[in-house]
Amino acid sequence: MTKARVLSMLSATALVSMMVVALPTAAHAADPACDGKLTLNSCGGVTSDGAPYAIQVPGNFNGTVILYSHGYRPNVPVPAGIPGYGGYKVTNTAETAPGQSGGNMAITQYLLSQGYALTGSGFARQGWNADSAVATDVELIGIVKKQFPTTKKVMAWGQSLGGFITQALAETHPDLLTAAAPMCMAAGTVENELTMAGDFLWGVKTLFDPSIQGGNYAAGAAGYAQAMGDLVKFFTVLGKVQAGISSGAWPDTSSATGQALAKAGIPVRSALLLIGLMSGINTQSAHFDSISGPAGALKLAFPLAVSPALAVLENGANAGALAILAIQDVEGQSGGAIFDNTKTDYAARVATGSVVFNVALGGDEAIAGMLGALSTANPGAPRATGNAAAMAKMRALIQHTGKISIPTVTMVGVADPITPAGASQWLADKYAAQFAAEKAAAMSAYKTTGAYVPPKKQLVSIWSTTPASYTKFDATAAPITSTPAAPGTNHCNFTTAQFMVVAKELVSVDKTGGFVAGSALATLVRKAGNLSVDPMYRAPALKFYE
Amino acid sequence: MIGTNRRKLLVASAVLVTGALTLSAIPAQAFSVRNEVGVTSNSIKLGITLPMTGAASPGYNKIPGAMKAYFDYVNANGGVNGRKITLVVKDDAYTPTASVQATNELILQDKVFAMVGALGTANNKAVAALVNPGRRGIPDLFVNTGFSGFADKKAYPTTFSLFPSYIMEAKIMSMYIKENFPGKKLGLLYQADDFGRDALAGFKTGGVTFDVTVPYAPLSQATPTTPPTWITKLQAGGAEVVVLFGVSSATAAALGAAYAMKYHPQWILGSVGGDATAIKLAGVPAPLFTGVQTASFLPAPADTTDEYVKLFQTINTKYNPGATFDNNILAGMNTAFVTVQAIAAAGKNLTRKGLITAIETKGSTFASAGLTPMAPTATSHAGYNGYWFGTYDGTATLKPNGGVYTVYTTDSGAGAVAKSTYKRPAMPVNGLPTN
């Protein structure tokens, strides 16, 4: 397997989304310019904070507008040659529905055909922009209502950071929305999102290349140069780790701590896996299921000992790159270092993983050796210390409460490497507690009024699941990584049919006031494929909460 | 809306508990009887995950056939309360992540009533963490592992052990060593994971100190150059008695390497690594078993004087033709037998909750082939609690030392090891539990 093959798995399409909806050339601040076509009236403009937006109103407009918030786009250009992101230029082009960035207009066409108007902006600022993006979305709703006075309802959805923005909008402005669908969402806070990525980056730096700065970047252009340098180093050393998974060799840039582990006979794949487990990186990735092995001698050994590390490599490439770009961005907004693992108990975090992946980690002795090497007791593994003032400022950025007061649909891949399913699980858990309290209140009211009015369930959680097994091997027993990513893996890796399930839930709420549920929902998800609405499914919690 | 009926049912239950409220406002459907998943008026569907293929499968892959044979025997005799039992088998190749996938399939696609006999410590831990049958209320019966943690009801609310714990085994083995090999230099070769860690805890409590300790990483036995390094260390340490707490493939590797290196200590195998079928399939000839000792909690598979062994052999011949009767067949049938006992004890109105309650309240009196009682209670999901020791002969047949089963019993804590006074109750008529 070549370096390029694994690193090509970076989900640049989800992170760096581009818009295909054409904007009218006459757009100007606040007042949309519309082409006035009867079958599809396309409008564009710029909000007061400078965010370009688009509005599409079909001729059979039914009075409901669906607002889309796009996902994370780096707020800095990325030089050519860097895997995944190379050549990226900052853009604030508007998107009005999922799929458009990849040229898939099926969801757009379906909703327009149903009489729904679509809108969305490109936001004035890229990077972590939830605070300003919520304000932009609120303003855009007002613009749409003013321009199209027959608008009766607005529903919101979004992906990744757009999912975070959607949930934040629903929490802060429930009066504006009829329903919400945060998909493959970041949830809670920017801090918990960056913790996974930051932990992984710290582990790679600490063991494989201590010259990686890994945060605490300088302000301005100097910090940008440091971050881009880190990206190059990060991908370079991951390439060396990848080579070492076969050869056993550790990168030549390994730290003294890493070299000591290598000398103790610990394979580099075990160290990589441990870093992944302590960060919460999923052990199933686009091409590695940690289940399958090639026919022959490696049938058992490959899934037990090798595949989990390769999965962490594929997923970790996404996580680490995000860490560099987003940490540099949020540090810039906060004024200093915002990743701090001085009190992180990595041993506790791998308590379960060290059992499940005991073989791949090399057994108890190896695990103990690695955890000791990464503990606070080892001066050769210095922890990252955050800047208190900067962290306080970061924590002042908009956060979710987890409260749900309008019908909400979530969907996420169970092996999403950027916004782990645990983020959506966090929201589900928050809502479960809220619903239990609402039931208790209903019961309490029943005791006094004699009439029981059950609370209405407001959340449907949809999980995009991985196939039973999916790693493929060639005739030489080498894993094949040139095929499309498996369902349930990669970031926001949904099929059109899966997006349609969410769209149909929104349509159902709009038309009936309730979700598609029961057997109808079961049929819908079965036909879409690789989806589950099992209410008892639980995604592992983000390590931030452990 | 998802879960509407379930919510109403729960609400109704809460109302009934309060006792002081009228029922008029509660929807009528709240009182309807919900069909339990995997149960109909004439069937019960169970599921198991274990290695049916791959390096870890020899021996273990005979277990489902044995379980099915016993279930077929019960079904041919009318089933349990008129319900016939089917067993869905999923191969996990001993890979924890595959166990998670397979268990999810059993629960979501096959819609089994309960899991039974799932094999492997890491596998069951992975399933507990990532599938969470405990939170779902899905019975996870009689797991095929002796990891002591699975008896912890708080951590694993619906999981039940059957095997004595590895801690118990090590404690009992400690007494056995002290009684039979005083003054000998002792060596320990163990698998460096939860399995071996349980054993270390047991030996510590049991008061045995080893002169040479050799941990090995799981699966490292598959690397041909590794087992000789174990033997070198044991030889260098002068170990005269070597305890091996590992899987049978490690036993085979160790016995083979020791033979090649002309090292002949007294081997004492933990019960997991003492599977003659698997060891022989790994290439160890029967004569090398001569004098090797091991522990067991079931009667010896060749002991046809035992009524369970005798019945199980008959069932195996009829319902599992072609499968040679050995300890794997015996263990599989016994697991199926205890499962039938538990289902029968849960009564005609079979529910997952009722099954769990039945084992907690009646499990300690269940009939089975075990030579010690089971020990489940409302607060502990422990299984059997004792072992006897035997010695293999040159045909790889295990026979109890002295010709009688001298059973020792203890717990997974600080309790003493004592000779068991347990007298196994007579087998139910025709080997068909009724309550």
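Residues numbered from 1 in each chain as written. Chains lettered and ligands numbered in written order. Predicted model: local features only at pLDDT ≥ 70, side-chain atom pairs only at ≥ 80, totals over all residues.

1. Some words on the overall build of chain B
In plain terms, the rule: Put simply, DSSP H or I for four residues or longer makes a helix, DSSP E for two residues or longer makes a strand, and each gets a number counted from the N terminus. In this treatment the radius of gyration is a C-alpha quantity, and the globule benchmark scales as 2.2 Å times the residue count to the 0.38 power. To sort residues by burial, count the other C-beta atoms lying within 10 Å of each one's C-beta; a count of 20 or more means buried, 12 or fewer means exposed, and anything in between means partly exposed. C-beta atoms are built from the backbone. In this description, a residue-residue contact is defined by the distance between C-beta atoms placed from the backbone, which must lie within 7 Å.
From N to C terminus, chain B includes 13 helices and 16 strands. For chain B, whose C-alpha radius of gyration is 23 Å, the value lies close to the compact-globule estimate of 22 Å for 435 residues. Taken along its principal axes, the extent of the C-alpha atoms in chain B is 80 × 40 × 40 Å. Across the 435 residues that make up chain B, the buried fraction comes to 57%. Considering only contacts within chain B whose residues lie at least 6 apart along the sequence, 71% involve residues at least 24 apart.

2. Some words on the overall build of chain A
Within chain A, the regular secondary structure consists of 18 helices and ten strands. Here the C-alpha radius of gyration of chain A, 24 Å, is about what a compact globule of 546 residues would show, namely 24 Å. Dimensions of chain A, computed from the C-alpha atoms along their principal axes, are close to 70 × 60 × 50 Å. The 546 residues of chain A split such that 57% are buried. Taking the intrachain contacts of chain A between residues at least 6 apart in sequence as the baseline, contacts between residues at least 24 apart amount to 74%.

3. Points about the pairing of strand β8 (residues 241–245) of chain B
All names here are of chain B. For the record, the criterion: Here the rule is simple: two strands pair whenever DSSP picks up at least two bridges between them. A crossover gets the label right-handed when its path from the first strand over the helix to the second runs clockwise, viewed with the strands pointing away from the viewer.
Most of β8 is tucked away: four of the five residues are buried. In terms of strand pairing, strand β6 (residues 186–191) meets β8 through five bridges, oriented parallel. Paired with L188 across the strands is V243, a residue of β8. Pairing of β8 with strand β9 (residues 266–269), which is carried by four bridges, proceeds in the parallel orientation. When the bridges of β9 are listed, L244 appears paired with L269. Where the polypeptide runs from β8 across helix α9 (residues 248–260) and back to β9, its parallel neighbour, the crossover connection is right-handed.

4. Overview of the confidence of the model for chain B
Residues and elements named next belong to chain B. Here is the rule: The pLDDT value expresses, per residue, how confident the predictor is, ranging between 0 and 100.
The share of residues in chain B with pLDDT of 70 or more is 92%, and the mean pLDDT across the chain is 90. For the stretch residues 1–33, pLDDT sits under 50, and the model shows 33 contacts to residues farther than four places along the chain or on other chains. ipTM for the predicted complex: 0.73, alongside a pTM of 0.84.

5. A look at the interface of chain A and chain B
The line we're drawing: In the scheme used here, Gly and all other residues not listed as nonpolar or charged are polar, with Ala, Val, Leu, Ile, Met, Phe, Trp, Tyr, Cys and Pro taken as nonpolar and Asp, Glu, Lys and Arg as charged.
If you look at the interface, chain A gives 40 residues, while chain B gives 39 residues. If you list the elements that add at least two residues to the side of chain A that touches chain B, you get α10 (298–334), α12 (353–356), α13 (358–361), α14 (363–373) and α16 (421–449) of chain A. With six residues, the single largest contributor to the side of chain A that touches chain B is α10(A). Considered class by class, the residues forming the side of chain A that touches chain B number 23 nonpolar, nine polar and eight charged.

6. Quick notes on unusual backbone geometry
When glycine is set aside, most residues are seen to have a negative phi, and most peptide bonds are trans. With a phi angle near 60°, A:S160 is a residue other than glycine that sits in the positive phi range. Its place among the elements puts A:S160 in the loop between β6 (153–159) and α5 (161–172). Phi is positive for B:N81, close to 50°, though the residue is something other than glycine. Examined against the element boundaries, B:N81 turns out to sit in the loop between α2 (63–76) and β2 (84–91).

7. Section: the pairing of strand β7 (residues 179–183) of chain A
All names here are of chain A. Of all five residues that make up β7, five are buried, and the element is covered over most of its length. Neither face of β7 is open: one carries A179, A181 and M183, the other A180 and P182, and all of them are buried. Alignment of β6 against β7, held across five bridges, turns out to be parallel. The residue bridging A156 from the neighbouring strand is A180, located in β7. Following the backbone out of β6, through α5 and into the adjacent parallel β7, one traces a crossover that is right-handed. Pairing of β7 with strand β8 (residues 408–413), which is carried by two bridges, proceeds in the parallel orientation. Each residue of the ladder has a partner; that of A180, found in β8, is T408.

8. Some thoughts on the packing of helix α11 (residues 307–319) of chain B against helix α12 (residues 327–345) of chain B
All names here are of chain B. Where we set the bar: Lines fitted to the C-alpha atoms define the axes, with helices restricted to the stretch that makes contact. Angles between their N-to-C directions range from 0 to 180 degrees. Here is the rule for angles: anything less than 35 degrees is roughly parallel, anything more than 145 is roughly antiparallel, 65 through 115 is roughly perpendicular, and the remaining ranges are oblique.
Following both chains from N to C, one finds α11 and α12 inclined at 100°, their axes separated by 10 Å at the closest point. Taken together, the axes of α11 and α12 are roughly perpendicular relative to one another. Contact residues: V309, F312, I315 and N316 in α11; I329, L330 and M333 in α12. A breakdown of the residues in the contact of α11 with α12 according to their chemical character gives six nonpolar, one polar and no charged.

9. Some thoughts on the sheet that holds β2(B)
Residues and elements named next belong to chain B. The five strands are arranged β2-β1-β3-β4-β5 in an open sheet whose pairing can be described as parallel. Of all strands in the sheet, those bounded by a partner on one side alone are β2 and β5 (159–161). Along the sheet, successive strands turn relative to each other by an average axial angle of 25°, direction set aside. Those strands touched by α2 are β1 (43–50) and β2, and its axis lies near 170° from that of β2.

10. As for the domain arrangement of chain A
Residue and element names in this part refer to chain A. Quick note on the threshold: Here the bounds of each domain stem from an automatic or database domain assignment.
Its domain assignment divides chain A into domain 1 (3–188 + 406–545) and domain 2 (191–395). A C-alpha centroid distance of 29 Å is found between domain 1 and domain 2. Ranked by residues supplied to the side of domain 1 that touches domain 2, first place goes to helix α1 (residues 3–7) with three residues. Of the residues in the side of domain 1 that touches domain 2, the class split is 24 nonpolar, 14 polar and two charged.

11. Things to note about the confidence of the model for chain A
When pLDDT is averaged across chain A, the result is 92; 95% of the residues are at 70 or more. Confidence over residues 1–28 of chain A falls short of pLDDT 50; this stretch has 84 contacts with residues more than four positions distant or in other chains.

12. Section: the nonpolar core
So the rule is basically this: Connectivity within a nonpolar core runs through C-beta atoms within 7 Å, and the core itself is a set of buried Ala, Val, Leu, Ile, Met, Phe, Trp, Tyr and Cys residues.
Counting 307 residues, the largest nonpolar core has A:V502, A:L506, B:Y70 and B:M333 as the members making the most contacts within it. For this core, the element with the most residues is α10(A), which contributes 20 residues. Filtering out sequence-adjacent residues up to four positions away, A:L506 remains in contact with A:I66, A:M155, A:W157, A:A179, A:A181 and A:V409.

13. Digging into the sheet that holds strand β4 (residues 64–69) of chain A
All names here are of chain A. With mixed pairing, ten strands are arranged side by side in an open sheet as β1-β2-β3-β5-β4-β6-β7-β8-β9-β10. The open sheet terminates on both sides in strands that have one partner only, identified here as β1 (33–34) and β10 (531–532). Both β1 and strand β2 (residues 40–46) contribute to a ladder of two bridges, which runs antiparallel. Paired with A33 across the strands is G44, a residue of β2. Seen against the sheet, helix α3 (residues 106–113) touches β2, β3 (52–58), β4 and β5 (117–121) and runs at an angle of roughly 135° to β5.

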